[in-house]
Each structure stands twice: as structure tokens, then as C-alpha cells.
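# Observations on chain architecture
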Amino acid sequence: MNKKILILATIFGILSVVLGAFAAHGLKALITTQALQTFETGARYQMYHALLLLFVGNSAFVSEKSKKAIFYLILLGILFFSGSIYGLATNELSGFNFKSIGFITPIGGLLLIVSWIILLINFLKIKGDNS
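The paragraphs below set out a description of the structure included in this document. Just so it is clear, the model here is predicted, and its values are computed rather than measured.

### Observations concerning the overall build of the protein
Along the protein, the regular secondary structure elements total four helices and zero strands. In the protein, the succession of α and β elements from N to C terminus is α-α-α-α. Dimensions along the principal axes, computed over C-alpha positions, put the protein at roughly 55 × 25 × 25 Å. Expressed as a percentage of its 131 residues, the buried residues of the protein come to 39%. With the model as given, the accessible surface of the protein reaches about 7,800 Å², and the carbon-plus-sulfur share is 69%. The distance from the centre of the 10 positive side-chain charges to the centre of the 4 negative ones in the protein is 8 Å.

### Considerations on the environment of T105
You can see T105 is positioned in helix α4 (residues 104–124). Taking the relative accessible area as the measure of exposure, T105 reaches 14% and is therefore buried. Along the sequence, T105 and A60 sit 45 residues apart, while their C-alpha atoms lie 31 Å from each other. Residue contacts for T105: discarding those within four places in its chain leaves F80, F81, S84, I85 and L88.

### Focus: the nonpolar core
Of all hydrophobic cores here, the largest spans 20 residues; its most connected members are F12, L53, V56, I70, I74 and L119. Counting residues per element, the ones that place at least two in this core are α1 (2–27), α2 (33–57), α3 (64–89) and α4. If you tally residues by element for this core, the top one is α3, at seven residues. Once you skip the residues sitting within four places of it in the chain, V56 turns out to touch I5, V62, K67, I70 and L119. By size, the runner-up hydrophobic cluster in this structure holds nine residues, among which are A23, I31, A43 and Y86.

### Some points on the packing of aromatic side chains
Scanning the model with the defined rule gives five aromatic pairs in all. Judged by centre distance (6.0 Å) and plane angle (80 degrees), the rings of F55 and F123 are edge-to-face. Of the two residues, F55 sits in helix α2 while F123 sits in helix α4, which places them 68 residues apart along the sequence. The partly exposed category is assigned to F55, whose relative accessible area is 38%.

### So, the side chain of S16
One can find S16 in helix α1. Apart from the residues within four sequence positions on either side, S16 is in contact with A43, Q46 and M47.

### Comments concerning α4
Here α4 spans 30 Å end to end across 21 residues, near enough to the 30 Å set by a 1.5 Å rise per residue. Each element contacted by the buried residues of α4 is listed here: α2 and α3.

### Thoughts on the environment of F81
Mapped onto the elements, F81 comes out in helix α3. As a C-alpha pair, F81 and I121 span 40 residues in sequence and 23 Å in three-dimensional space. Ignoring any residue separated from it by four or fewer positions in sequence, one finds F81 in contact with Y45, T105, G108, G109 and L112.

Conventions and cut-offs
Residues numbered from 1 in each chain as written. Predicted model: local features only at pLDDT ≥ 70, side-chain atom pairs only at ≥ 80, totals over all residues. Heavy atoms only, no water. Helix = DSSP H or I, 4+ residues; strand = E, 2+ residues; numbered from the N terminus. Buried < 20%, exposed > 50% of the residue type's maximum accessible area, 1.4 Å probe, protein only. Areas by Shrake-Rupley, 256 points an atom, 1.4 Å probe, with all protein chains shown as cover. Lys, Arg positive; Asp, Glu negative; His and termini not counted. Charge placed at Lys NZ, Arg CZ, Asp CG, Glu CD. Contact = heavy atoms within 4.5 Å. Core = buried A, V, L, I, M, F, W, Y, C linked by side-chain atoms within 4.5 Å. Phe/Tyr/Trp six-rings, centres within 6.5 Å; stacked < 30°, edge-to-face > 60°. Expected span 1.5 Å × (residues − 1).

Structural data, given as C-alpha cells:
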């Protein structure tokens, strides 16, 4: 599982940098400043969770069951949250109305929050005097 987590982390990290650069250089003249900021929010949250996956994939403090849950929660969370944000921010450039699926943005956000909660639960279960 650790290898899958680390691979997803690096893919999300790479895509976050690529999409951020694309927004700054390719989209700047095509979308509004507000839409650009929205797009960058999606890239920023994608990077935050790529870093979280790097940590989880290298952590001995997280159970294998929790690692698997966190992996899938972040995978779906980023697809729903950041993916829908990318679509909404570039809605005017596409033939598809991303506003019709905008309801998945908060679902994605909730999945990301749950992944952090699972991580917290794992940390609270750590035995010993590591306080």
C-alpha cells in the first residue's frame, strides 16, 4: 500500500505544479482574476494533500487499514474537490456546464476532511510517553 500511496502523492504533486503553472501562464489572459484564484485554490489543495500522502506513505504511526482509507479518501476528494474547481474556474472555456456538477465540490472537501480525521484518530491511539 505504501508504494501506491507514494506514487499517487507524486502524481498529484506533479499535476499540481503543472496545473498551477498552466493557470499562471496559459489561463491568465483567458479567465477572470477571480476564476484564476479559484483555479489556484484547487491546485493548492491538491499539493497539500500530495504532501499529506507522502507523509502517510512513510509513516509507521498510521495503520495499514487507515492508510488504505486515507488513500481512497484523498484520491476521490481531490478528484471531486480540485477537479470540480478546475472545471468551474474554466467553465467559460468549455462546452460543458460544470456548474451542473458543482455540488461535488463540498463532497470532495468532506472526503479530504475525513482523511485528516482518520489520521488524527491514528495519532490519538499511539501508545507510550511521546507527548
